Structures are given as C-alpha cells and as structure tokens.
Amino acid sequence: MYEPIRNKSVHSMAGDPDFPHRSREEELDIRLAGHLTALLTVTDELHALAPRAGGALDAAELTAAADRIVEQVARLSGGHHPLRAEPSGGDPSRIPALHQRARMLAGNALSVATSRHDVAAMALTTERLEAHTTALPDLATA
C-alpha cells in the first residue's frame, strides 16, 4: 500500500556532516558586521551632505567615525574591508532622516555587540548612538 522511503529525508540536514555549520559567535560576527556596514553607508551619506548643510556633525567627525567603523568591520570579517557605495548626495533636508536611520542602526549593532561581549564594538556603537541622538534635537531647532 505504501512505498518505502528511498531517499534521505530533507529534514535531516542538521545531522549531516557535509552541511556547513556556523557557530553562534560566527553568526553574531556576520550580523554585527552587517549592521556596521549599513551604519557606514549612512555615515558616508551624511558626510556627503555635511559640507553643504552645516549639520550638527562636522565632516571631520564623520570621517573619523567612518574610519573606525571600517576598522571594526574588517576585524569582524577576517581582514576584509567593506565595500563602500558612492554617496548619492542630494537634498540636505534628508539629514534628519539619515540621523534617525543611523541611530537605529547603531542601536541594532549595540544590541548584537552586547550579546557577543565585544567591548570595542560596544564602545563604537555607543559613541555613534549618542552622536546621532544629540544631532537630532540640534536639527529640530535649526
């Protein structure tokens, strides 16, 4: 009435030694590097807009922050530096939204850095979170 199963079950992948597995630490490294790379992209966008808009964060501060983010991503990615997109520039009215996005990304990165007990990444993301948080009220009054 029923035919016996002839192939391996697709549900038994977890026990398959040929299937590549990552440790929890490797997964957290990948996630943290992703959040930091996204934060780098927003930082580069803010840097492109900073000279024209005279934002709360100056170009030198944004350059230093971007360099530190690149350093952390390279450390987490085994020495591979992140690819950097060309900033689109555009309208300076986007600056508050970019600061809000950067603040959210820094918070996400901070939560991952905290869960993996990465002191260097925690310090960097806390600094970026504070910088973008303080930049938002300055923009509202300008």
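How each quantity is defined
- Residues numbered from 1 in each chain as written.
- Predicted model: local features only at pLDDT ≥ 70, side-chain atom pairs only at ≥ 80, totals over all residues.
- Heavy atoms only, no water.
- Helix = DSSP H or I, 4+ residues; strand = E, 2+ residues; numbered from the N terminus.
- Buried < 20%, exposed > 50% of the residue type's maximum accessible area, 1.4 Å probe, protein only.
- Contact = heavy atoms within 4.5 Å.
- Areas by Shrake-Rupley, 256 points an atom, 1.4 Å probe, with all protein chains shown as cover.
- Salt bridge = Lys/Arg side-chain N within 4 Å of Asp/Glu carboxyl O.
- Core = buried A, V, L, I, M, F, W, Y, C linked by side-chain atoms within 4.5 Å.

Student: Report on the overall build of the protein chain, specifying residues and quantitative values.
Tutor: Counting secondary structure elements, the protein chain contains four helices and zero strands. When its helices and strands are written in sequence order, the protein chain yields α-α-α-α. By residue count, 32% of the 142 residues in the protein chain fall in the buried class. Pairs at least 24 residues apart make up 75% of the contacts formed inside the protein chain by residues separated by at least 6 positions. Just so you have it, the protein chain exposes about 8800 Å², and 58% of that area is on carbon and sulfur atoms.

Student: I'd like a rundown of the pattern of salt bridges, residues and numbers included.
Tutor: When the charged atoms of two side chains lie near each other, side chains of opposite charge can form a pair. Applying the stated rule across the entire model yields eight salt bridges. For E45, the salt bridge identified is with R94, shortest N-O distance 3.5 Å. Taken as a pair, E45 in helix α1 (residues 24–53) and R94 in the loop between α2 (59–76) and α3 (95–115) lie far apart in primary sequence, 49 residues in all. For E45, a relative accessible area of 11% corresponds to the buried category. With a closest N to O distance of 2.3 Å, R68 and E127 form a salt bridge.

Student: Kindly report on the environment of L98, identifying the contributing residues and their values.
Tutor: Looking at the secondary structure, you find L98 in helix α3. In contact with L98, other than residues within four places in its own chain, are V42, E45, L46 and L49.

Student: Describe the nonpolar core, with residues and values.
Tutor: One finds L32, L36, L39, V42, L46 and I69 to be the most contacted residues of the largest nonpolar core, which totals 29 residues. Sorting the residues of this core by element identifies α1, α2, α3 and α4 (119–141) as the ones contributing at least two each. Ranked by residue count, the leading element in this core is α1, at ten residues. Sequence-distant contacts of L46, defined by excluding residues within four places in its chain, comprise L62, I95, L98, H99 and H132.

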